[in-house]
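What the coordinates show
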Amino acid sequence: MTSASIQKINQIGVPAKELGRAIEFYEIKLNLPLLFQTDTMAFYDCGGLRLMLSLPEKEQFAHASSVLYFEVADIDQAYAEFVERGVQFVGPPHCVVKNGAAETWMAFFEDTEGNTHALTSDRIVS
């Protein structure tokens, strides 16, 4: 491996139109731990990956982000808890792929800023 090799993703930036509204969604509804915040950014820990919410500095960054797939242990339980917190899903958890004895399940939702994300969980089937 050379010193220029990518080792991991350290941070993902998610654009926000209204930072206060986005902070409430990620902190209260998704229950992500806040690391720190400034006037224009908020940083969360997501299993060792830093998630940055930010007001775009330039118009070129003011667009919806890539889909973030949040892994959960039990997608049905997480889905029910997130619905209870007010997260609005496109539909219930569903199987997106079967791979031998495993299935990958997902449930998609939008945050308050129009970014699409998903809960994801693998299940072993007998």
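Shown above is the structure to which this text applies.
Residues numbered from 1 in each chain as written. Predicted model: local features only at pLDDT ≥ 70, side-chain atom pairs only at ≥ 80, totals over all residues. Heavy atoms only, no water.

Regarding the sheet that holds strand β2 (residues 34–37)
- Taken in spatial order, the four strands of this open sheet run β1-β4-β3-β2, and their pairing is mixed. Both outer strands of the open sheet, β1 (11–15) and β2, are each paired with one neighbouring strand and no more. Shown here is a sheet whose adjacent strand axes are inclined to one another by a mean of 20°, direction ignored.
- The pairing of β2 with strand β3 (residues 41–46) spans three bridges and is antiparallel. (Pairing = 2+ DSSP bridges. Helix = DSSP H or I, 4+ residues; strand = E, 2+ residues; numbered from the N terminus. Axes fitted to C-alpha atoms, helices over the stretch in contact; angles between N-to-C directions.)

Description of the sheet that holds strand β5 (residues 68–71)
- The sheet built from four strands is open, its strands ordered β5-β8-β7-β6 with mixed pairing. Unpaired on one side and paired on the other, β5 and β6 (94–99) mark the two borders of the sheet. Neighbour-to-neighbour, the strand axes of the sheet open up by a mean angle of 30°, direction not taken into account.
- Here β6 pairs with strand β7 (residues 102–110) via five bridges, running antiparallel. Note that in β7 the partner of His-94 across the bridge is Met-106.
- Where helix α2 (residues 75–84) meets the sheet, it contacts β7 and β8 (116–124), and its direction lies at approximately 150° from that of β8. (Contact = heavy atoms within 4.5 Å.)

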